[in-house]
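Listed here are the chains, written in short residue letters.
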Amino acid sequence: DVKVTQSSRYLVKRTGEKVFLECVQDMDHENMFWYRQDPGLGLRLIYFSYDVKMKEKGDIPEGYSVSREKKERFSLILESASTNQTSMYLCASSLKRTRYEQYFGPGTRLTVT
Amino acid sequence: QQQVKQSPQSLIVQKGGISIINCAYENTAFDYFPWYQQFPGKGPALLIAIRPDVSEKKEGRFTISFNKSAKQFSLHIMDSQPGDSATYFCAASAGANNLFFGTGTRLTVIP
């Protein structure tokens, strides 16, 4: 069974703080993704990575950066958190050849005050 | 611009009834159409998927109907149960590329 874990279920940060969200998968998947989920907007792709140290921007990368130093770990970084980044953040992974079959973590609900 | 349009936003169905969620797309390059199911406090999980070379795919009580000419596809949940209460997302992808998700439908099945 694929397992994708996220470091925190709930996180409260102040405006301007640097925020790190961590994701780990245990199935040796090449691809990893970060989404944000907002009511009425569905899931929107922030960044994805198809290999260690490789990354590509998704649909809404502004205000975010990512890091992938090891195959199993993908980090999302908010350099200077803002209130409009209050959201549910979901990490996912997939095999290289089946990018469309994604396995999701439980999510991190981030509140920026 | 939303690549995949999903409706309704919310749906209430009596136990034993049929739940129907609809999605539409414009990009004719899409060739894989999955549905994801998300329970409260959990991440989405792949439920069922279809490719455009078939018009229907059934897995248990869950059926995807696909209309290629209309660029629409739908999820039907037969004999809906309270345990089916969740948020459902349709999605689409082209080739081995990323998924585009719909906006989600919150389904509530009343006992």
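Above this text is the structure in question.
A short tour of the structure in this document, coming up. (Residues numbered from 1 in each chain as written. Chains lettered and ligands numbered in written order. Predicted model: local features only at pLDDT ≥ 70, side-chain atom pairs only at ≥ 80, totals over all residues. Heavy atoms only, no water.)

### Here we look at the nonpolar core
Nonpolar side chains tend to gather and get buried jointly when the protein is soluble and globular. Within the largest apolar cluster, 25 residues are counted, with the highest numbers of intra-cluster contacts made by Phe33, Trp35, Phe73, Leu75 and Tyr88 of chain B. Listed by contribution, the elements that provide at least two residues to this core are strand E2 (10-14), strand E3 (19-25), strand E4 (33-38), strand E5 (45-50), strand E7 (62-67), strand E8 (72-77), strand E9 (86-92) and strand E11 (105-110) of chain B. If one sorts the elements of this core by residue count, E9 of chain B sits on top with 4 residues. Core analysis: the next-biggest nonpolar cluster, separate from the first, contains 20 residues, Leu21, Val66, Phe74 and Cys91 of chain A among them. (Core = buried A, V, L, I, M, F, W, Y, C linked by side-chain atoms within 4.5 Å. Buried < 20%, exposed > 50% of the residue type's maximum accessible area, 1.4 Å probe, protein only. Helix = DSSP H or I, 4+ residues; strand = E, 2+ residues; numbered from the N terminus.)

### Quick look at a nonpolar patch on the surface
All names here are of chain B. A contiguous nonpolar surface patch, about 240 Å² in accessible area, is contributed by Ile18, Ile20 and Met78. Relative to the helices and strands, methionine 78 resides in the loop between E8 and E9. Here methionine 78 falls in the partly exposed class, since its relative accessible area comes to 34%. (Patch = residues over 30% accessible without salt bridge, like charges linked within 9 Å, V, L, I, M, F, W, Y side chains within 5 Å. Areas by Shrake-Rupley, 256 points an atom, 1.4 Å probe, with all protein chains shown as cover. Salt bridge = Lys/Arg side-chain N within 4 Å of Asp/Glu carboxyl O.)

### What to know about the packing of aromatic side chains
Summed over the entire model, instances satisfying the criterion amount to 20 aromatic pairs over all chains. When the centroid spacing of 4.2 Å and the interplanar angle of 40 degrees are considered together, the rings of tyrosine 100 of chain A and tyrosine 32 of chain B count as tilted. With tyrosine 100 of chain A in the loop between strand E9 (87-94) and strand E10 (103-104) and tyrosine 32 of chain B in the loop between E3 and E4, the pair connects residues from two separate chains. Considered together, tyrosine 100 of chain A and tyrosine 32 of chain B belong to a single accessibility category, that of buried residues. Ring geometry for phenylalanine 33 of chain B and phenylalanine 66 of chain B: centres 4.8 Å apart, planes at 50 degrees, overall tilted. Here phenylalanine 33 of chain B, found in strand E4, pairs with phenylalanine 66 of chain B, found in strand E7; they are 33 residues apart in sequence, far enough to count as distant. As far as the burial class goes, phenylalanine 33 of chain B and phenylalanine 66 of chain B line up, both buried. Seen from the ring of tyrosine 100 of chain A, arginine 51 of chain B lies directly overhead, with NZ or CZ sitting 5.2 Å from the centre. (Phe/Tyr/Trp six-rings, centres within 6.5 Å; stacked < 30°, edge-to-face > 60°. Lys NZ or Arg CZ within 6 Å of the ring centre and 35° of its normal.)

### Concerning the environment of serine 19 of chain B
All names here are of chain B. Along the polypeptide, serine 19 turns up in strand E3. With 59 residues separating them along the chain, serine 19 and methionine 78 place their C-alpha atoms 6.7 Å apart. Among residues more than four places away in sequence, those in contact with serine 19 are Leu11, Val13, Leu75, His76, Ile77, Ser80 and Leu107. One polar contact links serine 19 to serine 80, side chain to side chain, over a distance of 2.8 Å. (Contact = heavy atoms within 4.5 Å. Polar contact = N/O pair within 3.5 Å; in protein donor to acceptor, adjacent residues only side chain to side chain.)

### Comments concerning the side chain of arginine 36 of chain A
Residue and element names in this part refer to chain A. Looking at the secondary structure, you find arginine 36 in strand E4 (residues 31-38). Separated by 2.8 Å, the side chains of arginine 36 and aspartate 38 make a polar contact. At 3.4 Å, the side chain of arginine 36 forms a polar contact with the side chain of serine 87. When neighbours within four sequence positions are excluded, arginine 36 is seen to be in contact with Gly42, Leu43, Arg44, Ile46, Ile60, Tyr64, Asn84, Gln85, Thr86, Ser87, Met88 and Tyr89.

### Quick notes on the sheet that holds strand E3 (residues 19-25) of chain A
Residues and elements named next belong to chain A. On the basis of which strands lie adjacent, the open sheet formed by 4 strands has the order E1-E3-E8-E7 and antiparallel pairing. Either end of the sheet is taken by a strand with one partner, and the two such strands are strand E1 (4-6) and strand E7 (64-70). Direction aside, neighbouring strands of the sheet carry axes that sit 20 degrees apart on average. (Pairing = 2+ DSSP bridges. Axes fitted to C-alpha atoms, helices over the stretch in contact; angles between N-to-C directions.)

By themselves these figures say nothing about function.
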